[in-house]
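Spelled out, the chains give:
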Amino acid sequence: MAYLREQGLCLIEQNATARGGEIDLILRHGAEIVFVEVRMRQSLRFGGALASVQVAKQKKLKRAARLWWARAAAAGRISGQEPCRFDVVAIESGELFWHRHVFE
């Protein structure tokens, strides 16, 4: 999280749960709302951390994000008009990689 703060992102919520899924980090980056999946792998043997965010996981994240978005907009935490994106923070062999706009 410290790395992302250094990059100008501000934490909105951590480990946000919604029916059928969890979003590791929800942040604000300028005008955008950023949904972040954090993945850690000790080796690249099976494709690495980024490759582990397969289509099924993406669908769960999208569904959880839609539910979070609706609740946050209804509560006035966000306007509901902000653009959003899905990022992955991949930690591989102790090294951190921030992948932006991984999927739509």
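In case you missed it, the structure is sitting above this.
Summarised in this report is the structure supplied together with it. Quantities reported herein were computed from a predicted structural model and do not represent experimental measurements.

## Some details on the pairing of strand S5 (residues 95-103)
Two strands pair when backbone bridges link them, and strand S4 (residues 84-92) and S5 are joined in this way by 6 bridges, in the antiparallel orientation. Along S5, the bridge assignment pairs Val-88 with His-99. The turn joining S4 and S5, which pair antiparallel and follow one another in sequence, is formed by 2 residues; a positive phi near 50° is taken by Ser-93.

## A few points about the nonpolar core
Formed by 17 residues in total, the largest nonpolar core has its most connected members in Ile-23, Ile-26, Ile-33, Phe-35 and Trp-68. Looking at this core, the elements with two or more residues in it are strand S1 (10-18), strand S2 (21-29), strand S3 (32-41), helix H3 (55-74) and S4. By residue number, the principal contributor to this core is H3, which donates 6 residues. Setting aside residues up to four positions removed in sequence, Ile-26 forms contacts with Cys-10, Leu-11, Ile-12, Glu-13, Ala-16, Ile-33, Val-34, Phe-35 and Trp-68. By size, the runner-up hydrophobic cluster in this structure holds 9 residues, among which are Leu-25, Val-36, Ile-91 and Trp-98.

## As for H3
An ideal rise of 1.5 Å per residue puts 28 Å on 20 residues; H3 measures up with 29 Å between its terminal C-alpha atoms. For H3, every residue scored as buried is listed here: Gln-58, Leu-61, Ala-64, Ala-65, Trp-68, Trp-69 and Ala-72. Buried residues of H3 fall within an arc of 145° about the axis and therefore sit on the same side. Seen from the buried face of H3, the exposed residues on the opposite side, beyond 90 degrees, are Val-55, Ala-56, Lys-59, Arg-66 and Ala-74. Tucked into the core, H3 has its buried residues touching S1, S2, S3, S4 and S5.

## Some words on the sheet that holds S5
Strand order across the open sheet formed by 5 strands is S1-S2-S3-S4-S5, with mixed pairing between neighbours. Among the strands making up the open sheet, the edge pair consists of S1 and S5. Recorded for the sheet is a direction-independent mean angle of 30° between the axes of neighbouring strands. Relative to S2, S1 runs antiparallel, the two sharing 7 bridges. Bridging across to S2, Leu-11 finds its partner in Leu-27.

## Section: the packing of aromatic side chains
Tallying each qualifying case throughout the model produces 5 aromatic pairs. Aromatic pair Tyr-3 and Trp-98: ring centres 6.3 Å apart, planes at 85°, arrangement edge-to-face. Taken together, the residues span a long stretch of sequence, with Tyr-3 in helix H1 (residues 2-6) and Trp-98 in strand S5 at a distance of 95 residues. Relative to Phe-103, the ring of Phe-86 has its centre 4.7 Å away and its plane inclined at 20°; by these criteria the two rings are stacked.

Conventions and cut-offs
- Residues numbered from 1 in each chain as written.
- Predicted model: local features only at pLDDT ≥ 70, side-chain atom pairs only at ≥ 80, totals over all residues.
- Heavy atoms only, no water.
- Pairing = 2+ DSSP bridges.
- Helix = DSSP H or I, 4+ residues; strand = E, 2+ residues; numbered from the N terminus.
- Core = buried A, V, L, I, M, F, W, Y, C linked by side-chain atoms within 4.5 Å.
- Buried < 20%, exposed > 50% of the residue type's maximum accessible area, 1.4 Å probe, protein only.
- Contact = heavy atoms within 4.5 Å.
- Expected span 1.5 Å × (residues − 1).
- Arc of directions from axis to C-beta.
- Axes fitted to C-alpha atoms, helices over the stretch in contact; angles between N-to-C directions.
- Phe/Tyr/Trp six-rings, centres within 6.5 Å; stacked < 30°, edge-to-face > 60°.

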